[in-house]
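This is what each chain is made of:
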Amino acid sequence: MLRAAAEGLPLKEIARRLFLAHGTVRNHLSAILRKTGSRNRMEAIRRAQREGWL
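Below: a short report on this structure. Quick caveat, the model's predicted, so the values are computed rather than measured.

Section: helix α3 (residues 22–36)
Helical periodicity: at 3.6 residues per turn, an α-helix aligns residues three or four positions apart in one direction.
Now for step 1: For α3, which comprises 15 residues, the first-to-last C-alpha distance of 21 Å matches the rise-based estimate of 21 Å (1.5 Å per residue) to within 8%.
Now for step 2: Looking only at α3, the buried set comprises V25, L29, A31 and T36. All buried residues of α3 fall inside an arc of 155° around its axis, so they share one side.
Now for step 3: In this fold, the buried residues of α3 make contact with α1 (2–6), α2 (11–18) and α4 (41–51).
Now for step 4: The positive-phi residue at the C-terminal boundary of α3 is G37, with phi of around 70°.

Side note on the pattern of salt bridges
Now for step 1: On inspection of all chains with the given rule, the structure shows four salt bridges.
Now for step 2: We note a salt bridge from E13 to R16, for which the minimum N-O separation is 2.7 Å. With E13 and R16 both in helix α2 and three residues apart, this pair spans about one turn of that helix.
Now for step 3: Residue R16 is classed as exposed on the basis of its relative accessible area of 54%.
Now for step 4: Here R17 makes a salt bridge to E13, at a shortest N to O gap of 3.6 Å. Residue R17 and its partner E13 are located together in helix α2, separated by four residues, close to a single helical turn.
Now for step 5: One network of salt bridges, with partners in common, ties together E7, E13, R16 and R17.

Here is what the cut-offs are and how they apply
Residues numbered from 1 in each chain as written. Predicted model: local features only at pLDDT ≥ 70, side-chain atom pairs only at ≥ 80, totals over all residues. Heavy atoms only, no water. Helix = DSSP H or I, 4+ residues; strand = E, 2+ residues; numbered from the N terminus. Expected span 1.5 Å × (residues − 1). Buried < 20%, exposed > 50% of the residue type's maximum accessible area, 1.4 Å probe, protein only. Arc of directions from axis to C-beta. Contact = heavy atoms within 4.5 Å. Salt bridge = Lys/Arg side-chain N within 4 Å of Asp/Glu carboxyl O.

Rendered as structure tokens:
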């Protein structure tokens, strides 16, 4: 999911690609922000890249 977000895709497109509901994507991205301690998607993506998760 974070990899798709790193492509700059909007939530609806991420949901379509992953065959998930829009709300599910939103909830997962919120959880990613909490777990990484990030304030926004871009910060989470940068941290994931820095840590080698992506």
